[in-house]
Amino acid sequence: MFGIGLPELLVIMVIAVVFIGPKKLPEIARSLGRGMNEFRRATQDIKQSFDVEADVISPGTTLETLPAKPTQDGEGEGSQTPEKEDSAAHD
């Protein structure tokens with residue numbers, strides 16, 4: 001744990017009690033713990049969203065295998081409308 005042993009930790013605690021005071025120390029420690037917990041949760045959420053994006057775009061995916069972007073009319077690039085498909089099937 002960061003190379004801090006028991007003697008160093010005790011010295012830090014004594015200094016904290018002297019400078020902060022025994023009444024404020026639990027409040028500050030509680031606030032610090034809550035802040036660290038919130039930071040850890042936010043980090044996990046970001047990591048999870050990156051993992052979801054990585055699952056959507058797998059390592060073997062290239063630009064050619066990605067789905068086409070929809071155009072303004074809502075159709076994907078290169079896709080045919082039903083009328084074009086029907087006329088292509090009858091030819």
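Rules used throughout
Residues numbered from 1 in each chain as written. Predicted model: local features only at pLDDT ≥ 70, side-chain atom pairs only at ≥ 80, totals over all residues. Heavy atoms only, no water. Helix = DSSP H or I, 4+ residues; strand = E, 2+ residues; numbered from the N terminus. Buried < 20%, exposed > 50% of the residue type's maximum accessible area, 1.4 Å probe, protein only. Areas by Shrake-Rupley, 256 points an atom, 1.4 Å probe, with all protein chains shown as cover. pLDDT = per-residue confidence, 0-100. Patch = residues over 30% accessible without salt bridge, like charges linked within 9 Å, V, L, I, M, F, W, Y side chains within 5 Å. Salt bridge = Lys/Arg side-chain N within 4 Å of Asp/Glu carboxyl O.

## Things to note about the overall build of the chain
Phase 1: Within the chain, the secondary structure is distributed over three helices and zero strands.
Phase 2: Residues counted as buried form 4% of the 91 residues belonging to the chain.
Phase 3: If you sum the accessible surface of the chain, you get close to 8500 Å²; carbon and sulfur atoms cover 62% of it.

## Details of the confidence of the model for the chain
Phase 1: Per-residue confidence for the chain gives a mean pLDDT of 75; residues scoring 70 or more make up 60%.
Phase 2: By mean pLDDT, the top-scoring element of the chain is helix α2 (residues 25–56) (89), and the lowest-scoring one is helix α3 (residues 82–90) (51).

## What about a nonpolar patch on the surface?
Phase 1: Side chains of Val11, Val14, Ile15, Val18, Phe19, Ile20 and Ile28 sit close together on the surface and give an oily, nonpolar patch of about 680 Å² of accessible area.
Phase 2: Per element, the largest residue contribution to the nonpolar patch is six residues, and it comes from helix α1 (residues 6–20).
Phase 3: By secondary structure assignment, the location of Ile15 is in helix α1.
Phase 4: By relative accessible area, which is 43% here, Ile15 ends up partly exposed.

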